[in-house]
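Topology and contacts: notes
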Amino acid sequence: MVPQGSRAELEFGGPLGAAALLLLLPATMFHLLLVARSGPARLLGPPPYLPELEELWSPWALLLCLTWLGLQATLYLLPARKVAEGQELKDKSRLSYPINGAWGLGPCAELWGWGWSPRPGGEVCGDEPATPISILCLFYAQDVGGSTGSLHTPPPSTPSIAATLCTREVAGVTLRKLKCLTNGSGQGFQALVLTALLVGLGVLAGLPLSALPEMLLPLAFAATLIAFIFSLLLYLKALVAPASALAPGGNSGNPIYDFFLGRELNPRICSFDFKYFCELRPGLIGWVLINLALLMQEAELRGSPSLAMWLVNGFQLLYVGDALWHEEAVLTTMDIIHDGFGFMLAFGDLAWVPFTYSLQAQFLLYHPEPLGLPLASVICLINAVGYYIFRGANSQKNTFRKNPSDPRVADLETISTATGRRLLVSGWWGMVRHPNYLGDLIMALAWSLPCGVSHLLPYFYLLYFTALLVHREARDEQQCLRKYGLAWHAYCRRVPYRIVPYIY
């Protein structure tokens, strides 16, 4: 029985809307996959054909998806960790987040046999000349275990999945009192690099990565099947979860709505947090892998990748790398602190992200677009502006949340709320209420421009992301209004624009 007072207002059109999205989201994904490889490539037109079940189902594709999830889960469970202390909770306690990454990227040097082995203090061993990867390894080890934090070995009583390694304490944010195996600006990025190295070794050994684009349909079908089954198991697990573990929005009592939105906030087994793992690992890194496979297939077909394909791969790799480098920041997002983990997030993380976010690269493989250096330079500038706004705003927000007295944010103007929370009304957050969303939209535009302007299809991501961010911003507004009351009205008067200055 759902406890009284714990239910939130129904979203997405309630049970009927949730039921429609259960069908519409997978259908949209398959529609995009089909039209991207068709001649007309019409976003709004019908697909060129409806695939038979034999074309969608492949046990090898299912095995490949499960192997990919197993690999990312293994990298997630690497024992090196640092600990992030969360903000003060309602009961005045603080949550500790073990964030992997104290060893940095040492394994990459060992894999390539360069003799470089980063140490916690930043020393290296071996007499080999510095290389880009070894320099990255050293820089990474210094960032995670350098002078800004105290290195120590956790006591024997510290819960650990494997052997304990060097750790340091940093600040983080959360809403619930639980031990969450999160992988911060070390291990998430390390997972990306280690995955790249493993894939690179596989390609050198004969792995036909360029054949991956031909398997996108069965792989997407397998990922969708996994998302449905996984969501069902999550729903059943939530039925026996305590009331304190339920998300505010996913316990309506309607099984379809709760299955879609997710009943449990942070479902986990022991210290393995399913939502946090899926949020950044298999889908985002899978997106980069699919992009790379599309680039390699274009090189095979045309002799070399096009400049447009290079730009799309580079821009999106930067975005994914940034997300994993700043992995700790995801602890402050609505997905983690508010939404339950159901089909909406499971399908989005495991299927929607890798197979629709790679749409521009898919389009360029089948519809090559000539791109000159002058226009490419302009597109790079647009992406740089978007990234500068996105990263600057997010870094300022995270710094302020961790320590409002930090010299980098101490002089910024704020408005105090009745709860003691201070809202920024200067700096990046004095420009619009969500400057990070503005940066997202500018980058989304830059990702589409290399595909030209003759087709609407490559701009689907920009259109979708605009709708997503406007909807998310509306949810943010409602939550902040309920939480801060009159202080939020005062904040909105000081910062009148939501995402785009003078427009919205």
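This is a predicted model, so every value here is computed, not measured.

Some words on the overall build of the chain
Summing up its helical and strand segments, the chain has 18 helices and 7 strands in all. For the chain, buried positions account for 54% of its 504 residues. Restricting to contacts in the chain with at least 6 residues of sequence separation, those with at least 24 account for 75%. Of the accessible surface of the chain, which amounts to about 22400 Å², a share of 67% is contributed by carbon and sulfur atoms.

Focus on the pattern of salt bridges
Using the criterion set out here, one finds 10 salt bridges in the structure. Where E298 meets R302, a salt bridge forms, and the shortest distance between an N and an O atom there is 3.2 Å. Of the two residues, E298 and R302 are both situated in helix α10 (residues 282-302); the distance of 4 residues between them amounts to about one turn of the helix. Owing to a relative accessible area of 0%, E298 belongs among the buried residues under this scheme. A residue is classified by how much of its surface remains accessible, and R302, at 37% relative accessible area, is partly exposed. Residues E473 and R498 are paired through a salt bridge, measuring 3.2 Å at the closest nitrogen-oxygen approach. Linking E473 in helix α17 (residues 460-484) with R498 in the segment after α18 (486-494), this pair joins segments that are 25 residues apart in sequence.

Re helix α14 (residues 359-366)
Counted residue by residue, α14 has 7 buried out of 8 residues, so it is predominantly covered. The complete set of buried residues in α14 reads L359, Q360, A361, Q362, F363, L364 and L365.

So, the nonpolar core
Of all hydrophobic cores here, the largest spans 109 residues; its most connected members are M29, F355 and L457. Of all the elements, helix α7 (residues 216-238) adds the most residues to this core, at 11 residues. Mapping this core onto the domain boundaries places at least three of its residues in each of domain 1 (188-368) and domain 2 (370-503). When residues no more than four places from it in sequence are discounted, the contact partners of F355 are M29, L33, L216, L219, A220, A223, I290, L350 and Q362.

Focus on a nonpolar patch on the surface
Residues L53, W57, L225, I229, L232, L233, L236, L239 and V240 make up a contiguous nonpolar surface patch of about 870 Å² in total accessible area. Counting residues per element, the nonpolar patch draws most heavily on α7, at 5 residues. Looking at the element boundaries, L53 is found in helix α2 (residues 53-56). Using a relative accessible area of 54% as the deciding quantity, one classes L53 as exposed.

A closer look at helix α16 (residues 435-448)
The end-to-end C-alpha distance of α16, which contains 14 residues, comes to 20 Å, matching closely the 20 Å that a straight helix rising 1.5 Å per residue would cover. With 12 of its 14 residues buried, α16 lies for the most part within the structure. Regarding α16, the residues found buried are P435, N436, Y437, L438, G439, D440, L441, M443, A444, A446, W447 and S448. Buried residues belonging to α16 abut α10, α11 (307-325), α14, α15 (373-402) and α17.

Considering the UniProt feature "transmembrane region" (unreviewed entry) in the chain
Under the present numbering, the feature "transmembrane region" (unreviewed entry) in UniProt falls on residues 12-36, 56-78, 189-209, 215-236, 337-359, 371-390 and 441-462. The distance separating the terminal C-alpha atoms of residues 56-78 is 34 Å; by composition the span is 83% helix and 0% strand.

Focus: the packing of α17 against α18
Between α17 and α18, whose axes approach to 6 Å, the crossing angle comes to 130°. Between α17 and α18, the crossing angle belongs to the class labelled oblique. The segment α17 lies against α18, with E477, C480, L481 and Y484 engaging L486, A487, W488, H489 and C492. Counted by class, the contact of α17 with α18 contains 7 nonpolar, 1 polar and 1 charged residues.

Remarks on the environment of Y319
Within the secondary structure, Y319 is located in helix α11. A relative accessible area of 15% places Y319 in the buried class. C-alpha separation for the pair Y319 and V288, spaced 31 residues apart in sequence, amounts to 9.9 Å. With residues near it in sequence (within four places) discarded, Y319 still touches W287, F390, D440, M443, W447 and F465.

Re the packing of α11 against α14
Where α11 contacts α14, the axes come no closer than 10 Å and their chain directions differ by 170°. Between α11 and α14, the interaxial angle falls into the category roughly antiparallel. α14 is crossed by α11, and the crossing has left-handed handedness. Across the interface between the two elements, A308, M309, V312 and Q316 from α11 touch Q360, A361, L364 and L365 from α14. Residues of the contact of α11 with α14, tallied by class, amount to 6 nonpolar, 2 polar and no charged.

Some words on the packing of aromatic side chains
For the coordinates displayed, the defined rule picks out 27 aromatic pairs. With 5.2 Å between their ring centres and 50° between their planes, F272 and F277 make a pair best called tilted. Taken as a pair, F272 and F277 share a single burial class, namely buried. The rings of W287, Y319, W352, Y357, F390, W447, F460, Y461, Y464 and F465 are connected pair by pair, giving a single aromatic cluster.

Comments concerning the confidence of the model for the chain
Model confidence for the chain is summarised by a mean pLDDT of 77, while 76% of its residues fall at 70 or above. In the predicted structure, residues 86-98 sits below a pLDDT of 50 and forms 46 contacts with residues beyond four places in sequence or in another chain. Low pLDDT, under 50, characterises residues 100-185; the stretch is placed with 215 contacts to residues that sit more than four places away or in other chains.

Cut-off values and rules
Residues numbered from 1 in each chain as written. Predicted model: local features only at pLDDT ≥ 70, side-chain atom pairs only at ≥ 80, totals over all residues. Heavy atoms only, no water. Helix = DSSP H or I, 4+ residues; strand = E, 2+ residues; numbered from the N terminus. Buried < 20%, exposed > 50% of the residue type's maximum accessible area, 1.4 Å probe, protein only. Contact = heavy atoms within 4.5 Å. Areas by Shrake-Rupley, 256 points an atom, 1.4 Å probe, with all protein chains shown as cover. Salt bridge = Lys/Arg side-chain N within 4 Å of Asp/Glu carboxyl O. Core = buried A, V, L, I, M, F, W, Y, C linked by side-chain atoms within 4.5 Å. Domains from an automatic or database assignment. Patch = residues over 30% accessible without salt bridge, like charges linked within 9 Å, V, L, I, M, F, W, Y side chains within 5 Å. Expected span 1.5 Å × (residues − 1). UniProt positions renumbered as here; feature names shortened; annotations may be inferred. Axes fitted to C-alpha atoms, helices over the stretch in contact; angles between N-to-C directions. Parallel < 35°, antiparallel > 145°, perpendicular 65-115°, else oblique. Nonpolar A, V, L, I, M, F, W, Y, C, P; charged D, E, K, R; others polar. Left-handed = near helix turned anticlockwise from the far one by under 90°. Phe/Tyr/Trp six-rings, centres within 6.5 Å; stacked < 30°, edge-to-face > 60°. pLDDT = per-residue confidence, 0-100.

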